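# Coordinate inspection notes
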Amino acid sequence: MEAEGRVPGPPLPPPSLGGGGGVEADADPPAGAPGAARGPLLAAEVLALDDEEDDLEVFSKDTSLAEVNSFSPSMPISPSSMINQYKFEDEPELRDLFITVDDPESHITAIETCITYRVVTKTSRGEFDSSEYEVRRRYQDFLWLKSKLEEAHPTLIIPPLPEKFIMKGMVERFSDEFIETRRKALHKFLNRIADHPTLTFNEDFKIFLTAQAWELSSHKKQGPGLLSRMGQTVRAVASSVRGGVKNRPEMFTEMNNYMETFSQKINVLDKIAHRIYKEEREYFNEMKEYGPIHTLWSASEEDIADSLKGVASCIDKCCKATEKRMAGLSENLLPILHEYVLYSEILMGVLKRRDQIQGELDSKVDALANKKTEKDLFSEEIGKLEDKVECANNALKADWDRWKQNMQCDMRSTFTNVAENNLRYYEECLAAWESFLASQTVDLHVEEDSEDRP
Amino acid sequence: MLKFVVLSFRAVESQSEGQCAPVDSLWRRYSEFELLRNYLSVTYPHIVVPPLPEKRAEFVWHKLSADNMDPDFVERRRIGLENFLLRVASHPVLCQDKIFYSFLTQEGGWKEMVNETGFQLKADSRLKALNATFRVKNPDKRFTELKHYSDELQSVISHLLRVRARVADRLYGVYKVHGNYGRVFSEWSAIEKEMGDGLQSAGHHMDVYAASIDDILEEEEHYADQLKEYLFYAEALRAVCRKHELMQYDLEMAAQDLTSKKQQCEELATGTVRTFSLKGMTSKLFGQETPEQREAKIKVLEEQIQEGEEQLKSKNLEGRDFVKSAWADIERFKEQKNHDLKEALISYAVMQISMCKKGIQVWTNAKECFSKM
């Protein structure tokens, strides 16, 4: 199993992919194999991972680099990372896990109607028995995967899933539009996991991608049962009541403050974007009627019929351009903003869970302070809890940095795309009106010439 | 009550005869403009008289005030009234009118002067009954077509203005919502280190974008006003057709009346009753009238017939003159309309181009800011 990362330094020839065996790495500066770029991995993470991944190595936490993932080609920050970036883009085959979600189908049974999606995986990784998989999954399966990942990595940022229902009433439940929006979000969800340095190697993830329907069902039934899961939740709630805030490192308080503001702002942005979409749609609806009136008018005119038809044609072109602009919004800005609204909730949750883990340690420490005896027993337990806290903190810190880089990338590219959309819209409209104007002034010149002739 | 300052036009002074000392400016109320126009319509029925701007704001989109006292509306009305006077002043026939000249030059007593012309008596009250139909047996095809055209023009322009107002409303909404970005970006930039500058400056450009719509739509109102003028011109055009229709109707009635009188005369002279008449029946029942009585009747009828024939002759002449001069003015109007509307459409295109260019500039700037985030 190898861990890959993007780090500065001279690029090394790529090691063999998919094979077993770890990659030796220096402490500083680490050499990274250009590959599916993910953030750096940390020793602490080893505890949370399965046995197979014991020989993961640690790279230094150089988080100044922008991340390259499947959705946001980033702006390189340092010249050497630029080299790495181009190398990555030149050799797409270095990415070793490709996932698509498509082909929604409804299955009607005696009990219910449910929608399944086709999940296609292509991979060159050794731990996969085959290089191609095709399975069908329903929304519940995705929910299961997400909860398994949260369980395994309580302080990692698990990507958001599209919501169960859309209350807003903009889209009818299970309409084609709803299903397509959900499909795209599910596709994104799986790819975000695939790009995550830790989550990509998660066993449940692998099973999700590869198991046949019956295999998945039987696997789901294993593992901690519902009651024990509920027990965990109860303990978690209880410990959250107790604290974890008191001894919270400054860094995480900052993160909390940041997330509170970010969450507010992203929600407002989401509303603004929807409102803009709505206004553009209403504008489009009126424009549809506006053009044809000029054509109607031209029918009762002679001299100005051509001018009127010209105006009608311009308005129709602008109308089509508006439609494209709207499509751009709904394909790009709206889903991204929505995803980050969900992300903000996830991040608040992750910060809380970290606090809970801290809370467990704090309460044990407080308990020890009161009991002078049984120190030895407690100290081992406390030692374990201290490790747990350190792991959680490190995992979160690294993932937080990675998330921030991605967020910056995503926002930059999304809003740039919005600007480009608008530019394209105005350029199309400009071209239409300018060519109309040219045709009119040509006519004027022709008229003037004909007047000059005796 | 609002009054308007009217400035005298040198061009008009040199054309018309008036001896009064030119007054540089005086006050006129909207109702005086209306009186002037009524006078001109009645006095020159064959002319397509320029219309006044609307009395009440119509075809408003929501941000535009429907309040007559709103300063923007008042200003646009002022421009409209100025335009009206310019139209009259540049009309080959109307500019010669003395009442018009006095309107521009004589402050006091103008109203009385107009009323003294007695033009109200000439006004045909039937013209006010817009929907009444007069069955004309031999309608002039050209006028019928023209009337249809004026109806179509009125209908299509009012439809266009209504939709344009709705489009303006929606466009306003799109631009203004973008203004919300500015504040949010600014607040967001406060918690970001690397993205902060890009967000902040992009937000500023969004504010510029949102603000730009106000000027754009104000300019478009002038375009709407140009179309409105021709909406009202359509009415003036129809009025001319109506007048002709009534003239034709009167002519036909007069001709009909003359024919029946001639027939009566003939019957009395020859003693044959071709048409049923109550008198004829009563005279049959109660005895024939004396030859003297019959002679008297015939004489009266012959007088009436002569009168009628003269009237018919003059009516025919009047009709022909009307048709000739009306068509001259209609041709003039058509050329003016084609020229003005074409120019208006071109100016609309120019406005759209300017709006697009502004949009391109703002979004180019915004794109640069975003790409630096």
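What comes next concerns the included structure. (Residues numbered from 1 in each chain as written. Chains lettered and ligands numbered in written order. Predicted model: local features only at pLDDT ≥ 70, side-chain atom pairs only at ≥ 80, totals over all residues. Heavy atoms only, no water.)

Moving on, we get to the pattern of salt bridges. Within this structure, the stated rule accounts for 49 salt bridges over all chains. Note that A:D355 and A:R248 form a salt bridge whose closest N and O atoms lie 2.8 Å from each other. Here the residue A:D355 occupies a position in helix α9 (residues 305–370), and A:R248 occupies one in the loop between α7 (226–242) and α8 (250–298), the gap between them amounting to 107 residues. On the accessibility criterion, A:D355 (7% relative accessible area) is buried. Note that B:K261 is salt-bridged to B:D257, the shortest N-O span being 3.0 Å. With B:K261 and B:D257 both in helix α8 (residues 196–270), this residue pair falls four residues apart, about one helical turn. Each of B:E54, B:R76, B:R164, B:E220, B:E221, B:D225 and B:K228 takes part in a single network of salt bridges with overlapping partners. (Salt bridge = Lys/Arg side-chain N within 4 Å of Asp/Glu carboxyl O. Helix = DSSP H or I, 4+ residues; strand = E, 2+ residues; numbered from the N terminus. Buried < 20%, exposed > 50% of the residue type's maximum accessible area, 1.4 Å probe, protein only.)

Here α9(A) spans 96 Å end to end across 66 residues, near enough to the 98 Å set by a 1.5 Å rise per residue. The largest bend along α9(A) reaches roughly 35° and is located at A:L329. (Expected span 1.5 Å × (residues − 1). Bend = angle between axes of the 7 residues up to and from the residue.)

With that out of the way, let us pick up the sheet that holds strand β2 (residues 113–123) of chain A. Residues and elements named next belong to chain A. The strand order across the open sheet formed by three strands is β1-β2-β3, and the pairing between neighbours is antiparallel. At either end of the open sheet lies a strand with only one pairing partner, and these are β1 (97–108) and β3 (132–138). Mean inter-strand twist for the sheet, computed between neighbouring axes without regard to direction, equals 20°. Relative to β2, β1 is paired through ten bridges, and the arrangement is antiparallel. (Pairing = 2+ DSSP bridges. Axes fitted to C-alpha atoms, helices over the stretch in contact; angles between N-to-C directions.)

This part is about the pairing of β2(A). Residue and element names in this part refer to chain A. Of all eleven residues making up β2, eight are buried, and the element is well covered by its neighbours. Connecting β1 to the antiparallel partner β2 that follows it, the hairpin turn spans four residues. Bridge count between β2 and β3: seven bridges; the pairing is antiparallel. Across the sheet, residue V119 finds its bridge partner in β3, namely V135.

What follows covers the packing of aromatic side chains. Two descriptors summarise a pair of aromatic rings, namely the distance from one centre to the other and the angle between the planes of the rings. Going through the model one piece at a time under the given rule, you end up with 32 aromatic pairs over all chains. Note on A:F415 and B:Y181: the rings are 6.2 Å apart at their centroids and 85° apart in plane angle, and the pair reads as edge-to-face. With A:F415 in helix α10 (residues 375–452) and B:Y181 in helix α7 (residues 141–189), this residue pair bridges two chains. Each member of the pair A:F415 and B:Y181 is classed as buried. (Phe/Tyr/Trp six-rings, centres within 6.5 Å; stacked < 30°, edge-to-face > 60°.)

Once that is clear, we can look at the packing of helix α5 (residues 203–210) of chain A against helix α6 (residues 213–221) of chain A. Residue and element names in this part refer to chain A. Running from N to C, α5 and α6 cross one another at 155°; their axes reach a closest spacing of 9 Å. In terms of orientation, α5 and α6 fall into the roughly antiparallel class. Between α5 and α6, the contacting residues are D204, I207, F208 and T210 on the first element and E215, L216 and H219 on the second. Residues of the contact of α5 with α6, tallied by class, amount to three nonpolar, two polar and two charged. (Parallel < 35°, antiparallel > 145°, perpendicular 65-115°, else oblique. Contact = heavy atoms within 4.5 Å. Nonpolar A, V, L, I, M, F, W, Y, C, P; charged D, E, K, R; others polar.)

The interface of chain B with chain A comprises 53 residues on the first partner and 54 residues on the second. For the chain B and chain A pair, buried surface summed over both sides reaches about 5400 Å², with 74% attributable to carbon and sulfur atoms. On the chain B side of the interface with chain A, the three residues burying the most area are B:R170, B:Y181 and B:K342, jointly 12% of the side's total. The interface formed by chain B and chain A holds eight salt bridges in total. A salt bridge links B:R170 to A:E282, with the shortest nitrogen-to-oxygen separation between them at 2.8 Å. Broken down by secondary-structure element, the contributors of at least two residues to the side of chain B that touches chain A are α7, α8 and α10 (291–371) of chain B. The leading source of residues in the side of chain B that touches chain A is α7(B), at 24 residues. (Buried area = accessible area lost by both parts, 1.4 Å probe.)

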